[in-house]
Amino acid sequence: MSTTAANPLRVALLGCGVVGSSVARLLTERADDLAARVGAPLELVGIAVRRAGRDRSDLPVDPGLFTTDAAELVTRADIVVEVIGGIEPARTLLLSAMEHGASVVTANKALLAEDGPSLYAAADEHGVDIYFEAAVAGAIPILRPIRESLAGDEVTKVLGIVNGTTNYVLDKMDSTGMGFHEAVEQAQALGYAEADPTADVEGFDAAAKAAILASLAFHSRVGSASVYREGITDVTAADIAAAAAMDHVVKLLAICERTRDENGDEGLSVRVHPAMIPRSHPLGSVRDAYNAVFVEADAAGELMFYGKGAGGDPTASAVLGDVVAVARHRVGGGRGPGESSYAERPTLPMGAARTRYHIALDVADRPGVLAQVATAFAEHGVSIEAVRQQMFPDDSDSGATRASLIVVTHTATKAALRATVEELAGLDTVNEVMSVMRVEGS
Ligand code: HSE
């Protein structure tokens, strides 16, 4: 193995939770290989923790490295790694680190989605790098491929399963028939879901990741506030069964695409919501808590990135890849690519997004019902792509027969679909609107 006489690069680690511990351990255990890859040793100069005195003897690091003074630590490092999460104090610490000349590596999706431009501006001002591969989809290399490998192409759409907790919950509902709450409890028992699962199940975590993906893919500024968000709390066993009957699965998707509004002006649709996708789609086979991002680009065609989206070592893999990248820049001179927002594409409101819908109805089976249902769709300008009818067993004393009517639409706006469903629900021939779900990926 080649060694190097270059001066060590000082690495400060902010946070020593699940990811921080893995980063500290791997930095120490792989020190020789990392030095050879960088061209200079990486010297861990401090680990900022919230509480001193906790037993961390399982970590192969000098106990003298732990400090509760993160503000001081960032002033004496060449590379600052932030795995604390949350907006503050992370933002202040990263801005201070860059002001003191350090390059930064962060896994902080919430901060990047809320205030990325301030951080990118600080990196430019101080001539340092800001890398954040671990902020989206954990171990999966997706941001650098979008930012660098696809820099010569035109990305047209990104479809991602970027939240492992919700994928686990939906997958369990699909494979066992269990309901949402039971599946969440199982995810909590296995450590996939937090005690308070709101950030995951309500789609906040995925929305932050969607904002970051859209910004990079479309060279524009997209903040989490402009991402349309629906979580999975309203997904029922009936929705999952309706999808299964069409050989589809329900996934929580982060969707970023170029589109046009009703005036024909171009913009972006960035949204997170549950949707049915065909089981045969590459995203349809993403099981358990795995993540995957499906990218469509003009020249490259379809690309799929798959792997573990969370966990200590998988996320540390992405963090360390960034540490090596920014360290190489410091050894060789120069910086990596900065923010690219030249295209300035606006994010369009959800009303501009057109998606296909799957609607399952419980209807009376008698002459004219299909015509009545079709009229409701036509009156709101929603075009029907396919209809399937199936008889329910006759379980009523009156002898009236019922049928399930499945309607799949061509693309429609949310407003048109909602008005259609309201009208359907009011028809005396419709016993129940059993399921309404968007359809993607086909
Ligand atoms: N809570 C996230 C998930 C992992 O369930 O995928 C961290 O982003």
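Computed from a prediction, not measured in an experiment: that's the story for all the values here.

### Some thoughts on the sheet that holds strand β3 (residues 66-67)
Working step 1: Overall, parallel pairing links the six strands, which are arranged β3-β2-β1-β4-β5-β6 in an open sheet. A single partner strand is all that each edge strand has here, and the edge strands are β3 and β6 (130-131).
Working step 2: Of the pairings in the sheet, the one linking strand β5 (residues 103-106) to β6 comprises two bridges and is parallel in character. Considered in β6, the bridge of valine 105 is made with tyrosine 131.

### So, the side chain of threonine 420
Working step 1: If you trace the backbone, threonine 420 turns up in helix α14 (residues 414-426).
Working step 2: Residue contacts for threonine 420: discarding those within four places in its chain leaves Ala376, Phe377, His380 and Val382.

### So, empty space enclosed by the protein
Working step 1: This structure, assessed with the given rule, holds three cavities of 30 Å³ or more.
Working step 2: For the largest cavity, the calculated volume is near 70 Å³.
Working step 3: Lining the largest cavity are Tyr131, Phe132, Glu133, Leu143, Arg144, Arg147, Leu216 and Asp322.
Working step 4: Here the lining of the largest cavity gets three residues from one element, more than from any other, and that element is helix α6 (residues 143-149).
Working step 5: In terms of residue class, the lining of the largest cavity is made up of four nonpolar, no polar and four charged.
Working step 6: Residue assignment places the lining of the largest cavity across two domains, with domain 1 (9-137 + 313-332) and domain 2 (143-307) each supplying three or more.

### Re the packing of aromatic side chains
Working step 1: A full pass over the atoms with the stated rule returns three aromatic pairs.
Working step 2: Here the aromatic rings of tyrosine 168 and tyrosine 192 are separated by 4.7 Å at their centres, their planes lie at 45°, and the arrangement is tilted. Placement of tyrosine 168 in helix α7 (residues 164-176) and of tyrosine 192 in the loop between α8 (180-189) and α9 (198-201) is noted, with a sequence separation of 24 residues between them.
Working step 3: What makes tyrosine 192 partly exposed here is its relative accessible area of 39%.
Working step 4: Ring geometry for tyrosine 290 and tyrosine 306: centres 5.1 Å apart, planes at 5°, overall stacked. A residue pair is termed long-range when its members are at least 10 positions apart, and tyrosine 290 in strand β11 (residues 290-297) and tyrosine 306 in strand β12 (residues 301-308) qualify at 16 residues.
Working step 5: A cation over an aromatic ring shows up here: arginine 56 above the ring of phenylalanine 66, its NZ or CZ 5.2 Å from the ring centre.

### Here we look at the domain arrangement of the protein
Working step 1: Segmenting the protein into domains produces domain 1 (9-137 + 313-332), domain 2 (143-307) and domain 3 (353-439).
Working step 2: Summarising the inter-unit geometry, the C-alpha centres of domain 1 and domain 2 are found 28 Å apart.
Working step 3: Tallying the contact residues gives 16 residues for domain 1 and 18 residues for domain 2.
Working step 4: For the pairing of domain 1 and domain 2, the buried interface totals around 1300 Å² over both sides, and the portion due to carbon and sulfur atoms is 63%.
Working step 5: At the junction of domain 1 and domain 2, the tally comes to two salt bridges.
Working step 6: Among the salt bridges present, the one from arginine 144 reaches aspartate 322, with a minimum N-O distance of 2.7 Å.

### Quick word on the nonpolar core
Working step 1: One finds Val80, Phe132, Val136, Ile142 and Leu213 to be the most contacted residues of the largest nonpolar core, which totals 79 residues.
Working step 2: Top contributing element to this core by residue count: helix α10 (residues 204-217), with 10 residues.
Working step 3: Two domains share this core, each providing at least three of its residues, namely domain 1 (9-137 + 313-332) and domain 2 (143-307).
Working step 4: If near-sequence neighbours (up to four positions away) are discounted, phenylalanine 132 is found in contact with Thr106, Leu112, Tyr120, Leu143, Arg147, Ile212, Leu216 and Asp322.
Working step 5: In this structure, Leu13, Ala40, Ile79 and Val326 belong to the second largest nonpolar core, which totals 35 residues.

### Quick notes on the pairing of strand β17 (residues 430-439)
Working step 1: Relative to β17, strand β10 (residues 266-278) runs parallel, the two sharing two bridges. Among the inter-strand pairings, methionine 276 is bridged to a residue of β17, identified as valine 439.
Working step 2: Direction of pairing for strand β13 (residues 354-364) relative to β17: antiparallel, over a ladder of eight bridges. What sits directly across from arginine 356, in β17, is valine 439.

### Remarks on the pattern of salt bridges
Working step 1: One pass over the full model with this rule turns up 25 salt bridges.
Working step 2: One salt bridge connects aspartate 205 with lysine 209, and the closest N-O pair in it is separated by 2.6 Å. Taken together, the positions of aspartate 205 and lysine 209, both in helix α10 and four residues apart, correspond to about one turn of that helix.
Working step 3: Its relative accessible area of 10% is what places aspartate 205 among the buried residues.
Working step 4: For lysine 209, a relative accessible area of 6% corresponds to the buried category.
Working step 5: Here arginine 258 makes a salt bridge to glutamate 266, at a shortest N to O gap of 2.9 Å.
Working step 6: Among the residues examined, glutamate 266 registers a relative accessible area of 29% and is labelled partly exposed.
Working step 7: Put simply, Glu154, Arg258, Glu266 and Arg345 are held in one network by salt bridges that share partners.

### So, unusual backbone geometry
Working step 1: Across the junction of glutamate 88 and proline 89, the peptide omega takes the value 10°, indicating a cis bond.
Working step 2: Tracing the backbone shows proline 89 in the loop between β4 (79-82) and α4 (90-99).
Working step 3: The phi dihedral of aspartate 247 falls on the positive side, at around 60°, and the residue is not glycine.

Criteria and thresholds
Residues numbered from 1 in each chain as written. Predicted model: local features only at pLDDT ≥ 70, side-chain atom pairs only at ≥ 80, totals over all residues. Heavy atoms only, no water. Pairing = 2+ DSSP bridges. Helix = DSSP H or I, 4+ residues; strand = E, 2+ residues; numbered from the N terminus. Contact = heavy atoms within 4.5 Å. 1 Å grid on protein atoms, 1.4 Å probe; cavity = no way out; pocket = protein on both sides within 12 Å on 5 of 7 lines; lining within 4 Å. Points joined across faces, edges and corners; volume = space filled by probe spheres on them. Nonpolar A, V, L, I, M, F, W, Y, C, P; charged D, E, K, R; others polar. Domains from an automatic or database assignment. Phe/Tyr/Trp six-rings, centres within 6.5 Å; stacked < 30°, edge-to-face > 60°. Buried < 20%, exposed > 50% of the residue type's maximum accessible area, 1.4 Å probe, protein only. Lys NZ or Arg CZ within 6 Å of the ring centre and 35° of its normal. Buried area = accessible area lost by both parts, 1.4 Å probe. Salt bridge = Lys/Arg side-chain N within 4 Å of Asp/Glu carboxyl O. Core = buried A, V, L, I, M, F, W, Y, C linked by side-chain atoms within 4.5 Å.

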